[in-house]
Amino acid sequence: MKFSEIFSIERTPRDDWFDPILSVETRLFLDPFLLYDRERGHFVGSHTEVINFFNTAFHFAARSGGSTTTASWHRAVNMLVFPEVEELCLGYTRLGTKGAGSGRELSKLVVEALWEAIQAGVKQFTHFEEICILREGIGADRISDITAALIWRRLALYTAEVCAQHVILTHQTRYRRGWYNPDEGRWTSLILHLPQNPPAARPACPPGDAACVPFHGFRYRRPGRPAPEWL
């Protein structure tokens with residue numbers, strides 16, 4: 001059943017959120033490029049937040065000199081470990097909604113990609129398409145997981161707003177890696193209020209409809225190319 005059906009919501013033009021099926025993942029992903037194009041409400045500043053995060057990881061990778069044994073390399077790997085935001089019910093999982101997220105092995109692949117960008121002469125990132133992390137093992141679903149994790153508190157606040165509008169009961173939930181605090185340079189915990197997903201027995205969080213696109217391709221600008229292309 002869809003989110004709107006479980007919570008008996010009669011949607012209006014104000015309801016611009018994606019209505020996910022809560023028992024299985026929908027084959028859509030969050031397009032990080034749309035963060036830049038369509039920021040509003042709780043999502044104002046999302047693109048900058050994501051870029052600043054990757055620039056921090058980029059600098060750690062640069063300080064490592066490409067050596068996987070340095071503290072800087074390990075710090076970059078640790079900060080790039082993302083759990084899947086299961087509450088969105090988006091991804092490739094065919095049964096249920098529990099995907100793989102972005103674990104330590106994938107985190108290492110991202111740091112390797114950042115180091116390759118450094119060797120290619122990249123100094124810093126200003127737009128998401130400049131972050132050269134698309135490679136074997138890191139596709140649209142992983143990029144979506146990473147994007148969702150980085151703007152998770154914004155997604156949760158947006159969902160809380162939807163719940164208040166439709167008088168939906170929410171429950172307090174603590175997330176150990178809820179937000180990357182740039183001032184402290186580490187992931188910190190968050191206590192969020194979200195509705196319960198009955199089929200999965202955990203919170204639900206419908207994303208904004210404007211940021212969701214099908215899993216048929218991923219827009220990405222290769223180094224030296226003037227405009228984004230679909231992969």
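Residues numbered from 1 in each chain as written. Predicted model: local features only at pLDDT ≥ 70, side-chain atom pairs only at ≥ 80, totals over all residues. Heavy atoms only, no water.

### Observations regarding the pattern of salt bridges
Applying the stated criterion to the full structure yields 5 salt bridges. For Arg186, the salt bridge is made with Glu184, and the minimal N-O distance between the two is 2.8 Å. The partly exposed category is assigned to Arg186, whose relative accessible area is 45%. Among the residues examined, Glu184 registers a relative accessible area of 44% and is labelled partly exposed. Each of the salt bridges in this network shares a partner with another, and the network as a whole consists of Glu49, Arg153 and Arg154. (Salt bridge = Lys/Arg side-chain N within 4 Å of Asp/Glu carboxyl O. Buried < 20%, exposed > 50% of the residue type's maximum accessible area, 1.4 Å probe, protein only.)

### Remarks on the pairing of strand β2 (residues 171-181)
Looking at chain direction, β2 and strand β3 (residues 186-194) are connected through 8 bridges and run antiparallel. Bridged to His171 within β3 is Leu194. Connecting β2 to the next strand, β3, in antiparallel fashion are 4 residues, including Gly185 with a positive phi near 65°. (Pairing = 2+ DSSP bridges. Helix = DSSP H or I, 4+ residues; strand = E, 2+ residues; numbered from the N terminus.)

### A word on the packing of helix α3 (residues 46-64) against helix α4 (residues 71-79)
Look at α3 against α4: their axes get within 7 Å of each other, and the N-to-C directions meet at 155°. Looking at the two axes, α3 sits roughly antiparallel to α4. The crossing of α3 and α4 is left-handed. Across the interface between the two elements, Phe53, Thr56, Ala57, Phe60, Ala61, Arg63 and Ser64 from α3 touch Ser72, Trp73, Arg75, Ala76 and Met79 from α4. (Axes fitted to C-alpha atoms, helices over the stretch in contact; angles between N-to-C directions. Parallel < 35°, antiparallel > 145°, perpendicular 65-115°, else oblique. Left-handed = near helix turned anticlockwise from the far one by under 90°. Contact = heavy atoms within 4.5 Å.)

### Here we look at the nonpolar core
The biggest cluster of nonpolar side chains holds 56 residues, and the ones touching the most others in it are Phe53, Phe54, Leu80 and Leu114. Per-element tally for this core: the top contributor is α3, with 8 residues. (Core = buried A, V, L, I, M, F, W, Y, C linked by side-chain atoms within 4.5 Å.)

### Quick word on the side chain of Asp19
Here Asp19 is to be found in the loop between α1 (3-6) and β1 (28-30). Notably, Asp19 is buried but unbridged: the nearest opposite-charge side chain belongs to Arg11, and the N-O separation is 4.0 Å. A distance of 3.2 Å separates the side chain of Asp19 from the backbone nitrogen of Phe3, its partner in a polar contact. A distance of 2.4 Å separates a polar atom in the side chain of Asp19 from a polar atom in the side chain of Ser4. Setting aside anything within four residues of it in sequence, one finds Asp19 in contact with Lys2, Phe3, Ser4 and Arg11. (Lys, Arg positive; Asp, Glu negative; His and termini not counted. Polar contact = N/O pair within 3.5 Å; in protein donor to acceptor, adjacent residues only side chain to side chain.)

### Some remarks on the environment of Arg154
On the secondary structure map, Arg154 appears in helix α7 (residues 152-166). Between the alpha carbons of Arg154 and Gly41 there is a distance of 9.3 Å; along the sequence they are 113 residues apart. Setting aside residues no more than four positions away along its own chain, Arg154 makes contact with His42, Phe43, Val44, Gly45, Ser46 and Glu49. Side-chain polar atoms of Arg154 contact the backbone oxygen of Val44, separated by 2.7 Å.

### Side note on unusual backbone geometry
A positive phi angle is found at Ser8, which is not glycine, with a value near 50°. Following the sequence through the fold, Ser8 ends up in the loop between α1 and β1. At Val167, a residue that is not glycine, the phi angle is positive and equals roughly 55°. For Val167, the location among the structural elements is in the loop between α7 and β2.

### Structural notes on the confidence of the model for the protein
With 75% of its residues at a pLDDT of 70 or more, the protein has an overall mean of 77. Per-residue pLDDT, averaged within each element of the protein, yields its smallest value for strand β8 (residues 229-230) (32) and its largest for α4 (95). Contacts from residues 93-101, a stretch scored under 50 in pLDDT, to residues over four places away or in other chains number 31 contacts. Note on residues 210-231: pLDDT is under 50 here. Beyond four places in sequence and across chains, it has 67 contacts. (pLDDT = per-residue confidence, 0-100.)

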